[in-house]
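Analysis of the macromolecular model
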Amino acid sequence: MSTHSPLFLRHATQLVTLAGSSKAPLTGNAMEDLKIIEDGSVWIEDGRIQAVGTDAELLTQYQDRLAEAKEIDATGRLVTPGLVDPHTHLVHAGSRENEFEKRLQGATYMEIMAAGGGIHSTTRATKEADHEQLLTESRRRLDAFLLQGVTTVEAKSGYGLEWEHEKKQLEVAQELNRTHVIDIVSTFMGAHAVPSKYRDRPDDFVDLVVNEMIPKVARLGLAEFNDVFCERGVFTPEQSRRILEVGKKHGLAPKIHADEIEPYAGAELAAEVGAVSADHLLRASKEGIRAMAEAGTVAVLLPGTAFFLMADSADARAMIDAGVAVALSTDCNPGSSPTVSLPLIMNLGCLKMGMTPAEALTATTINAAHAIRRGHEVGSLEKGKKADLVLYDVSDYRSLQYAYGVNHARTVIKTGQVVVRDGLRV
Ligand SMILES: O=C(O)CC1=NCN=C1
Ligand SMILES: [Zn+2]
């Protein structure tokens, strides 16, 4: 017997369902088809979606139970699935305003990193921070995500670069998954950078990652995915392949930071190892994009990072036209994308990467869910899926990408419970 009254969300002017997309990410023209129901309604009970349809259809179906339900009036409003952010470095300490200033004066991201800043700077701060501090700082970011309508996020480690602190990050993410309303999917990213003490013997660090860290992550169940920064000056494609293949042997699904700063055949490697997603891809080759389309690897694009690094964005248009499933993400991290505004990322996806508003919304819901293997659970409004929904102060989904820099989310429902009302956390 349900402990909570059913919720009956009624009369959405546009109910974006993305129905029929739970088995695989949407590609090509399908990314444009949001499966919108006008005057749409949803019956929510036991944390799940029980029915989706026109208000008239649901009135007939639930006419005998209307009195027991709490109604949410969505008249004149847009309603979408809860937004999904499939690529964050959520758990970290410190910030890098100083590097932002240096880059404005002409220093590059890789120059700063080579000089001991960048990821190494955040690693120093994260190693100094204890579990509670990381929990507090990361929870604050999650609260901000939630107010924007984000109901599921992926969170990577990668600012420890040694077992004790990688484990600490992953344990913080697991505690947040238990205690925060947002669902968190964890990724081990011990191969985020080569620590300075291994600068002259990087393969010894790769040995540490594959022989020590990955087996422990798998044995302790600390993560579902294994990620690597495949970039010139960080990890080579050969080292990346070894790290991802060992991760697969231990049951950790592969993800890869690919072709972010320079072309480095990261997209090709992603397809070769069967990565669930390849992320960044600003400099991916045509061959790599084609290989990803054939392999079914999701392209997680991060236009906020390109914007913040003052770089050209990835060519989402070409990837969609080549049949690659595209997702979008904030890449929330203190160095190359210190933002939690996934709606702004939708706007940049349109203005900087040639996506349509509908494709951008698909890319931050069902395709983002598939990029973290949650497409069966969230990302669309269909019977049996988690009741994660967002009600906005606009009536047309295109307003989310058009009226940018503004948070339009007003009511957020997470697993059937109203957790944000009138833009405020309840
Ligand atoms: O700079 C950072 O902290 C995050 C990042 N990893 C790979 N690219 C950016
Ligand atoms: Zn990243």
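Residues numbered from 1 in each chain as written. Chains lettered and ligands numbered in written order. Predicted model: local features only at pLDDT ≥ 70, side-chain atom pairs only at ≥ 80, totals over all residues. Heavy atoms only, no water.

**Some remarks on the overall build of the chain**
To be explicit about the condition: To qualify as a helix, a DSSP run of H or I must reach at least 4 residues; to qualify as a strand, a run of E must reach at least 2; elements of each kind are numbered from the N terminus. C-alpha atoms define the radius of gyration in this analysis, and the globule rule sets the expected value at 2.2 Å times the number of residues to the power 0.38. Remark: exposure states derive from per-residue accessible area (1.4 Å probe, protein chains only) relative to the maximum for the residue type, with buried under 20%, exposed over 50%, and partly exposed in between. We call two residues in contact whenever any of their non-hydrogen atoms come within 4.5 Å of each other. Asp and Glu are treated as the negative residues and Lys and Arg as the positive ones, with His and the ends of the chain left uncounted. Charged side chains are reduced to one point each, which is NZ for Lys, CZ for Arg, CG for Asp and CD for Glu.
A count of helical and extended segments in the chain gives 16 helices and 19 strands. Here the C-alpha atoms of the chain give a radius of gyration of 21 Å, agreeing with the 22 Å that 2.2 N^0.38 yields for 426 residues. Along the three orthogonal principal directions, the C-alpha set of the chain runs to about 70 × 45 × 45 Å. For the chain, buried positions account for 60% of its 426 residues. Residue pairs in contact within the chain that sit at least 24 positions apart in sequence constitute 72% of those at least 6 positions apart. Side-chain charges in the chain split into 45 positive and 58 negative, and the spacing between the mean points of these groups amounts to 3 Å.

**Some points on the nonpolar core**
Side chains of nonpolar character tend, in soluble globular proteins, to be buried together. The cut-off we apply is this: The term nonpolar core refers to a set of buried residues drawn from Ala, Val, Leu, Ile, Met, Phe, Trp, Tyr and Cys, joined through side-chain atoms within 4.5 Å.
Counting 101 residues, the largest nonpolar core has Ile256 and Leu301 as the members making the most contacts within it. Broken down by element, this core gets its largest block of residues, 7 residues, from helix H7 (residues 202-220). Residues contacting Ile256, with those up to four places away along its chain left out, are Asp227, Val228, Cys230, Leu244, Gly266, Leu269, Ala270, Ala275, Ser277, Ala278 and Asp279. Residues Leu9, Ala12, Ile72 and Leu391 belong to the second largest nonpolar core, which totals 17 residues.

**Side note on the coordination of the zinc ion (ligand 2)**
For clarity, the cut-off: Metal donors were taken as nitrogen, oxygen and sulfur atoms no farther than 2.8 Å from the ion, or 3.2 Å where the ion is Na, K or Ca. Water is excluded, so coordination may look unfinished. Here the metal geometry follows the donor angles, with tetrahedral for four donors whose angles all fall between 85 and 135 degrees, square planar for four and octahedral for six when opposite donors are more than 155 degrees apart and every other angle is between 65 and 115, and irregular for all the rest.
Taken together, the protein donors to the zinc ion (ligand 2) comprise His87 (NE2), His89 (NE2), His257 (NE2) and Asp331 (OD), at separations of 2.1 to 2.5 Å. Metal-centred angles of 79 to 167 degrees between the 4 donor atoms at the zinc ion (ligand 2) mark the site as irregular. Mapping the donors of the zinc ion (ligand 2) onto the primary sequence gives the spacing H-x1-H-x167-H-x73-D. Residue His89 is classed as buried on the basis of its relative accessible area of 2%.

**Points about the site of ligand 1**
What counts, and what does not: Being near a molecule or strand, for a residue, means having at least one of its heavy atoms within 4 Å of it. Polar contact is the term for a pair of N or O atoms within 3.5 Å; when the atoms are in protein, one must be able to donate a hydrogen and the other to accept it, and sequence-neighboring residues count only if both atoms are side-chain atoms. Per-residue and other accessible areas were derived by the Shrake-Rupley procedure at a 1.4 Å probe size, with only the shown protein chains allowed to occlude residues. Only protein atoms enter the calculation, which uses a 1 Å grid: trapped sets of points that fit a 1.4 Å probe without letting it out are cavities, open sets showing protein on both sides within 12 Å along at least five of seven lines are pockets, and any residue with an atom within 4 Å of a point is a lining residue. Each molecule is assigned to a cavity or pocket provided more than half of its atoms lie within 2 Å of the corresponding grid points. Here the nonpolar group is Ala, Val, Leu, Ile, Met, Phe, Trp, Tyr, Cys and Pro; Asp, Glu, Lys and Arg are the charged ones; every other residue, Gly included, is treated as polar.
Near ligand 1 the following residues occur: Arg96, Tyr109, Ile119, Tyr159, His192, Phe229, His257, Glu260, Asn333 and Ser336. In the environment of ligand 1, an oxygen atom lies 2.6 Å from a nitrogen or oxygen atom belonging to the side chain of Tyr109. A distance of 3.0 Å is found between a nitrogen atom of ligand 1 and a side-chain nitrogen or oxygen belonging to Glu260. Relative to its unbound accessible surface of 270 Å², ligand 1 loses 100% to contact with the protein. A majority-of-atoms criterion places ligand 1 in the largest cavity. For the shell around ligand 1, a count of residues per class yields 4 nonpolar, 4 polar and 2 charged.

**A look at the pattern of salt bridges**
Applied cut-off: A pair is scored as a salt bridge if a Lys or Arg side-chain nitrogen falls within 4 Å of a carboxyl oxygen belonging to Asp or Glu.
If you walk through the whole model with that rule in mind, you get 24 salt bridges. Close ionic contact of Glu382 with Lys385 constitutes a salt bridge, the shortest N to O distance being 4.0 Å. By relative accessible area, which is 2% here, Lys385 ends up buried.

**Some words on the pairing of strand S13 (residues 277-280)**
Our working definition: In this scheme, strands are said to pair when DSSP sees at least two bridges between them. By convention a crossover is right-handed if, when the strands point away from the viewer, the path from the first strand over the helix to the second runs clockwise.
Bridge count for strand S12 (residues 253-258) against S13 is 4 bridges, and the pairing is parallel. Residue Lys255 lies in a different strand from S13, and its bridge partner there is Ser277. In this fold, S12 hands off to helix H9 (residues 266-273), which returns the chain to S13; that crossover is right-handed. In this sheet, strand S14 (residues 298-301) lies alongside S13 in parallel orientation, the contact comprising 3 bridges. Directly across from Ser277, in S14, lies its bridge partner Val298. Regarding the hand of the β-α-β motif, the stretch spanning S13, helix H10 (residues 286-295) and S14 is right-handed.

**Description of the sheet that holds strand S17 (residues 409-414)**
On the basis of which strands lie adjacent, the open sheet formed by 7 strands has the order S3-S2-S7-S16-S17-S18-S19 and mixed pairing. Unpaired on one side and paired on the other, strand S3 (36-37) and strand S19 (424-425) mark the two borders of the sheet. Here S17 runs beside strand S18 (residues 417-421); their pairing, made up of 3 bridges, is antiparallel. Opposite Lys414, over in S18, you have Gln417 as the bridge partner.

**Regarding empty space enclosed by the protein**
Remark: the empty space left among the atoms is shown by a probe the size of a water molecule rolled over them. Put simply, the rule is: Grid points are joined across faces, edges and corners, and a volume is the space filled by probe spheres set on the points.
If you walk through the whole model with that rule in mind, you get 2 cavities of 30 Å³ or more. Lining the largest cavity are 13 residues; nearest its centre among them are His89, Tyr109, Ile119, His192 and Ser336. In this model, the second largest cavity occupies a volume close to 30 Å³. Among the elements of the structure, helix H2 (97-104) and helix H3 (109-114) are those that each provide at least two residues to the lining of the second largest cavity. For the lining of the second largest cavity, the residue count by class is 2 nonpolar, 1 polar and 3 charged.

So far we have only geometry, and geometry alone does not tell us how the molecule works.
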